[in-house]
Amino acid sequence: MGEPISAGKRRARLKVINPRSAGIDVGSRFHVVAVPVELDPNPVRKFSSFTKDLIALAEWLLAVGISTIAMESTGIYWVPLYEILSGKGIDVFLVNARHAKNVPGRKTDINDAQWLQQLHSYGLVRASFRPDQKITELRSYLRQRDQLVRYRSSHQQHIQKALMLMNLQLHHVVRDISGLTGRRIIDAILSGERDPERLASLRDRRCKESAATIAAALEGNYQDDHLFSLKIAVELFDTYSEKIRACELAAQSLMTELAGSDYQDPGSQPGDWKICGHGFAFNPTHLIQALSGHNLLRLPGLGPTTVLTLISECGLDMKRWPSAQHFVSWLGLSPQNRISGGKVLSSRTRQGTTRAGSAFWMAAVPLGRTNTALGAFQRRLAARAGKSKALIATARKLAILYYKTLRDGLVYQDPSAAAYQEESRDRQIRGLQRRAIALGFQLVASA
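The rules behind each value
Residues numbered from 1 in each chain as written. Predicted model: local features only at pLDDT ≥ 70, side-chain atom pairs only at ≥ 80, totals over all residues. Heavy atoms only, no water. Salt bridge = Lys/Arg side-chain N within 4 Å of Asp/Glu carboxyl O. Helix = DSSP H or I, 4+ residues; strand = E, 2+ residues; numbered from the N terminus. Pairing = 2+ DSSP bridges. Axes fitted to C-alpha atoms, helices over the stretch in contact; angles between N-to-C directions. Buried < 20%, exposed > 50% of the residue type's maximum accessible area, 1.4 Å probe, protein only. Phe/Tyr/Trp six-rings, centres within 6.5 Å; stacked < 30°, edge-to-face > 60°. Parallel < 35°, antiparallel > 145°, perpendicular 65-115°, else oblique. Left-handed = near helix turned anticlockwise from the far one by under 90°. Contact = heavy atoms within 4.5 Å. Nonpolar A, V, L, I, M, F, W, Y, C, P; charged D, E, K, R; others polar.

A. View of the pattern of salt bridges. Throughout the structure, instances matching the rule amount to eleven salt bridges. One salt bridge in this structure joins Glu257 and Lys134, with 3.1 Å as the shortest N-O distance. One end of the pair, Glu257, is in helix α9 (residues 224–259); the other, Lys134, is in helix α4 (residues 133–165), with 123 residues separating them in the sequence. Ionic pairing is found between Arg183 and Asp187, a salt bridge with its closest N-O pair at 3.1 Å. Taken together, the residues Arg183 and Asp187, both in helix α6 (residues 180–190) and four residues apart, mark about one turn of the helix. Beyond isolated ion pairs, a larger network of salt bridges with shared partners links Arg145, Asp146 and Glu248.

B. Structural view of the sheet that holds strand β1 (residues 21–25). Read from one edge to the other, the open sheet built from five strands follows the order β3-β2-β1-β4-β5, with strand pairing classed as mixed. Edge positions in the sheet fall to β3 (44–48) and β5 (91–95), since each of these pairs with one other strand and no more. Pairs of neighbouring strands in the sheet enclose a mean axial angle of 25°, with direction left out of account. By the bridge criterion, five bridges tie strand β2 (residues 30–34) to β3 in an arrangement that is antiparallel. Across the sheet, Val32 pairs through a bridge with Lys46, a residue of β3.

C. Up close: the pairing of β1. Of all five residues making up β1, five are buried, and the element is well covered by its neighbours. Residues Ser21, Gly23 and Asp25 of β1 are buried on one face, and the alternating residues Ala22 and Ile24, pointing to the opposite face, are buried as well. In terms of strand pairing, β1 meets strand β4 (residues 68–72) through four bridges, oriented parallel. Paired with Gly23 across the two strands is Ala70, which belongs to β4. Pairing geometry for β1 and β2, over three bridges, is antiparallel. Within β2, the residue paired with Ile24 across the bridge is Val33. In sequence, β1 turns back onto β2 through a hairpin of four residues.

D. Expanded view of the packing of aromatic side chains. By the definition in use, this model includes twelve aromatic pairs. Aromatic side chains Phe129 and Trp321 sit 4.8 Å apart centroid to centroid with 40° between the ring planes, which places their arrangement in the tilted category. Taken together, the residues span a long stretch of sequence, with Phe129 in the loop between α3 (109–121) and α4 and Trp321 in the loop between α12 (304–314) and α13 (324–331) at a distance of 192 residues. Both rings, one in Phe327 and one in Trp330, keep their centres 6.3 Å apart while their planes meet at 25°; by these two values the pair is stacked. Residue Phe327 and its partner Trp330 are both found in helix α13; the two are separated by three residues, about one turn of the helix. Among the aromatic residues, those joined into a ring-pair cluster are Phe129, Trp321, Phe327, Trp330, Phe360, Tyr402 and Tyr403.

E. Looking closely at unusual backbone geometry. With phi around 60°, Asn167 is a residue other than glycine that occupies positive phi space. With respect to the helices, strands and loops of the structure, Asn167 is situated in the loop between α4 and α5 (170–173).

F. Representation of the packing of helix α15 (residues 373–385) against helix α17 (residues 416–438). The contact between α15 and α17 brings their axes to 7 Å, and the two run at 50°. On the basis of the axis angle, α15 is oblique to α17. In this structure, α15 meets α17 at a crossing whose hand is right-handed. Between α15, through Ala373, Ala376, Phe377, Arg379 and Arg380, and α17, the contact on the second element is made entirely by Ser416, Ala417, Tyr420, Gln421, Ser424 and Arg427. Class assignment for the residues of the contact of α15 with α17 results in five nonpolar, three polar and three charged.

Purely spatial values, then, with no claim about function.
See the structure below:
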């Protein structure tokens, strides 16, 4: 039987950490706000999502002395409210909905707001990461660019489909139909040119296929409806390309501002065509160096596009995460162990990684084919645990290197695949020696 407890003993209670806190249940049409009952006789109020009502909400919170607020990050409805409250000087905790479970029992907007307020008053909620205003603006430009690139790619497929319907097999003789040679030929077709020899003469001198091969591929069966489809697809492709360039120029202007007045544009560089050929209208290499203060492009697998994505998603202040382990956990690249009764029930990574986590994962994909230490690590682990786990583990190692470069100023020097394999072999030998000693044997190398 359990030990009886005398009536004089009281149960320990949670300590209030944020006495002047509020909780907001965010909705599309209205928001429900709850404050402590001792601060206002009507502690729960409902405000419309119109701007004037959001300003009235912020003024009411300031009037009752609220200094910090917790709100769930549902959809995008929280963004205007977050920006208005932050502009008023209120500390806003943007809480992941998975971390703040609803109060048991009947679910209402009032219950949700009061539950958030109660959790926040006891310091039981954590704020989601949100970079500063300038980095958030850069993130908006680059996310918009990525979305436009995806939209444009569908119209590139429409161009290829229209060409195939006319049996113009341009994609078999030209690597990129939206490249220099491909666009010259497509524009000439839309201008009325039908002679395969004249179309083939538009090839760039660097094109691998000969003019005769290209001419043979351009003997087509022209139909008016397919030409119309081609014309519409090309116009939409060019429209999206123009908007993508606008996003890139806006991002370039903002990065130049963030780099400071000391940054000097180096002008045209010999390798600019390589970067522009992969989608960017400018070479961001020098801007990345000026922004971060480190050569992040030395890290294996990280190109300018990936690094810009990481900067816009994570910011440049790695002190937001106490350690590299916290960083990779936030990225969704570390195991989420579920342990019960001393047994590990599951050790999978979190479902739905962040954009930054996906960027590291995509950067790790081609590393398995490189002669680098990370490439050798990925191949060794893939043979033992499978390619999927090896990719995640490689992305995790790459994220740790990125964190240490920005946080500690690490200058990465790749030891090469051969050095990694030699170190792995030595580690295996040391392990075998320990096992042999434990079993009372001596390990002897063969001749």
